[in-house]
Amino acid sequence: MTQTPRNGNPAVAVVVLAAGAGTRMKSATQKTLHAIGGRTLLSHSLHAADTVDPSLIVAVVGHGRDQVEPAARRVGEELDSDLTVAVQSEQLGTGHAVQCALPALAGFEGTIIVTNADVPLLTGETLAALSAAHTEVPTAVTVLTMEETDPTGYGRIIRNDAGEVTAIIEEKDATAEQKRVTEVNSGVFAFDAGVLRDALTRLHTDNAQGELYLTDVLGIARADGHPVRAHLAADARELAGVNDRVQLAAAGRELNRRTVEAAMRGGATVVDPLTTWIDVEVTVGADVTILPGVQLQGRTVIADNVTVGPDSTLEDVEVGEGAHVTRTHARQSVIGPRADVGPFTYLRPGTDLGEGGKLGGFVEAKNATIGRGSKVPHLTYVGDATIGEESNIGASSVFVNYDGVDKHHTTVGDHVRTGSDTMFIAPVTVGDGAYSGAGTVIKDDVPAGALVVSGGHQRNIEGWVQRKRPGTPAAKAAEAAERAAEQQ
């Protein structure tokens, strides 16, 4: 099968190795499915691979296949990419992993890039630069390298006077002079497809690990007279691998630094970058102010001139221009332009706050549409409800939506004014312009323009505390008050 490169680019295919066990994670979740910046390590790697516009992406899975394969296919669908999955049933080395990918690449001629699913910081731009360097001068193998101040543990890149790579020397095999080399192997390569296929058939397991090493392809290619070169990555941090939770956190911090910096360069003010976390799929507009302790997650969209924070977490939330969001936790919700939310406010999925609306302190909303200019200022729960425009819901009100079996809906019209401690017993409708008295329990529909009250006249039973709770502090206080009143 001959692959046709998309957009007319030279043919490129990418193999992403994701079969390792990742035992140092000490997790039931396969290593590459741990996440930073709102994407799994695998997803970051597949997004980077897709950036080079490949004819085909092959994800090689093995350990945790039941988790990794469907995850890879989902990312392929999101990218609308030609992605296939190859299975490495036994983990017999990196060379063996690429052998497992070859059937999916049958008939492909061009450049095969091999990368790893545990290097989430590697950008598509760097892969594209590797691909360009590989084809600029005819080359059999191009290894992506990096400069390390402390190269301990890495394979050293040995070049000849012409700059070609003559060997990759592992730490345990390096001489004292070779150990001083600071250019090291990243584990990412670009191969001529024909050279790679041929060399993979000639790998052997004559090594300490008894595995088929992909790096041995370089020696085979050179022995056959093919040129082997290196491309030095501009930023070694991109090639940091993730093998345990410590490295996961470090990679997450570096990715977040990039993302926050991009938001600032795009016109946002981030008051404290060290306490601000922004996922990679978040959109942040211009003249946005992000105060300390803010987390923007998922596919959150922040329009221009918004202020968020301090101490707010927004996940998959759309925030309109000029809105203010303070000390708020929100998920899968919409906050309209110039709306005001917080502090200590909880927006659950399905909340849609209209332009200029307000959800104030200690308000919780769920599956609720609050119209333009309407306000729920404080201490209120709004669930399964529609509130019209320019209405005001009094403090300590509750939309009683659950009867123990089913959820029911409440509809409140435009320009409604409800008193504090109003209970809306769903299903119920309150008409436009209606009012309610404080402490009202609304069980039946309220006509437009009506005043609804449910309490009777107040009745005081005097002396009840002294008779029913004798000797208590309350009774003693009441008796003292009576004596003081008698003496006046």
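Residues numbered from 1 in each chain as written. Predicted model: local features only at pLDDT ≥ 70, side-chain atom pairs only at ≥ 80, totals over all residues. Heavy atoms only, no water.

Another point: the environment of E389. For E389, the location among the structural elements is in the loop between β28 (375–387) and β29 (392–393). Spatially, the C-alpha atom of E389 lies 9.2 Å from that of V412, the residues being 23 residues apart in sequence. Once residues within four sequence positions are removed from consideration, E389 is found in contact with G371, R372, S374, D414 and H415. (Helix = DSSP H or I, 4+ residues; strand = E, 2+ residues; numbered from the N terminus. Contact = heavy atoms within 4.5 Å.)

What follows is about the pairing of strand β6 (residues 111–116). Counting buried residues along β6, six of its six residues qualify, which places the element largely inside the surrounding structure. Burial of β6 is two-sided: the residues T111, I113 and T115 facing one way and the residues I112, V114 and N116 facing the other way are all buried. Bridging between strand β1 (residues 12–18) and β6 involves six bridges; their strand directions are parallel. Looking at the pairing, L17 lines up with N116 of β6. (Buried < 20%, exposed > 50% of the residue type's maximum accessible area, 1.4 Å probe, protein only. Pairing = 2+ DSSP bridges.)

It is worth spelling out the side chain of T351 at this point. Along the chain, T351 falls in the loop between β25 (345–347) and β26 (352–353). Accessibility expressed as a relative area gives 2% for T351, which makes it buried. Polar contacts involving the side chain of T351 include one to the main-chain carbonyl oxygen of A365, which spans 3.1 Å. Not counting chain neighbours up to four residues away, the residues in contact with T351 comprise Q332, S333, V334, L359, A365, K366, N367, A368 and I370. (Polar contact = N/O pair within 3.5 Å; in protein donor to acceptor, adjacent residues only side chain to side chain.)

What follows covers the packing of helix α6 (residues 193–200) against helix α7 (residues 216–223). The N-to-C vectors of α6 and α7 enclose an angle of 105 degrees; their axes lie 10 Å apart at closest approach. In terms of orientation, α6 and α7 fall into the roughly perpendicular class. Side by side, α6 and α7 meet where V195, L196, A199 and L200 of the first sit next to V217, I220 and A221 of the second. For the contact of α6 with α7, a count of residues per class yields seven nonpolar, no polar and no charged. (Axes fitted to C-alpha atoms, helices over the stretch in contact; angles between N-to-C directions. Parallel < 35°, antiparallel > 145°, perpendicular 65-115°, else oblique. Nonpolar A, V, L, I, M, F, W, Y, C, P; charged D, E, K, R; others polar.)

So, on to the nonpolar core. Ranked by size, the top nonpolar core spans 44 residues in total, and within it L296, L314, V319 and I335 carry the most contacts. Those elements that place two or more of their residues in this core are α8 (245–265), β27 (358–370), β28 and β34 (428–430). It is β27 that contributes the most residues to this core, five residues altogether. Core analysis: the next-biggest nonpolar cluster, separate from the first, contains 39 residues, L56, V58, F108 and A230 among them. (Core = buried A, V, L, I, M, F, W, Y, C linked by side-chain atoms within 4.5 Å.)

Attention now moves to the pattern of salt bridges. Within this structure, the stated rule accounts for 26 salt bridges. Between D118 and K31 there is a salt bridge, and its shortest N-O distance comes to 2.9 Å. Placement of the pair is D118 in the loop between β6 and α4 (124–136) and K31 in the loop between β1 and β2 (35–36), with a sequence separation of 87 residues. Residue classification places D118 among the buried residues on the basis of a relative accessible area of 16%. Here K31 falls in the buried class, since its relative accessible area comes to 9%. Measuring nitrogen to oxygen at the nearest pair gives 2.5 Å for the salt bridge that ties R338 to E355. (Salt bridge = Lys/Arg side-chain N within 4 Å of Asp/Glu carboxyl O.)

Direction vectors running N to C along helix α1 (residues 41–51) and helix α2 (residues 65–79) enclose 40 degrees, while the axes themselves pass 10 Å from each other. Between α1 and α2, the interaxial angle falls into the category oblique. In the packing of α1 onto α2, the handedness of the crossing is right-handed. In this structure, α1 uses L42, S43, L46, H47 and D50 to contact α2, whose residues at the interface are V68, A71, A72, V75, E78 and L79. The class makeup of the residues in the contact of α1 with α2 is seven nonpolar, two polar and two charged. (Left-handed = near helix turned anticlockwise from the far one by under 90°.)

This brings us to unusual backbone geometry. Put simply, G309 and P310 share a cis peptide bond, and its omega is 5 degrees. Relative to the helices and strands, P310 is located in the loop between β18 (307–308) and β19 (313–315). A cis amide bond links G342 with the next residue in sequence, P343, at an omega value of 5 degrees. Among the secondary structure elements, P343 is positioned in the loop between β24 (340–341) and β25. Positive phi, close to 50 degrees, is recorded for D80, a residue that is not glycine. Note on placement: D80 falls in the loop between α2 and β5 (83–87). One non-glycine residue, D421, lies in positive phi territory at about 65 degrees. Note that D421 resides in the loop between β32 (417–418) and β33 (423–425).

As enumerated under the stated definition, the model contains three aromatic pairs in all. With centroids separated by 4.3 Å and ring planes inclined at 20 degrees, the aromatic side chains of F399 and F424 adopt a geometry described as stacked. Of this pair, F399 sits in strand β30 (residues 398–400) while F424 sits in strand β33, placing them 25 residues apart in sequence. Of the two residues examined, F399 and F424, each falls in the buried class. Here the basic side chain of K407 rests over the ring of Y402, its NZ or CZ set 5.6 Å away from the ring centre. (Phe/Tyr/Trp six-rings, centres within 6.5 Å; stacked < 30°, edge-to-face > 60°. Lys NZ or Arg CZ within 6 Å of the ring centre and 35° of its normal.)

Keep in mind these values describe shape, not function.
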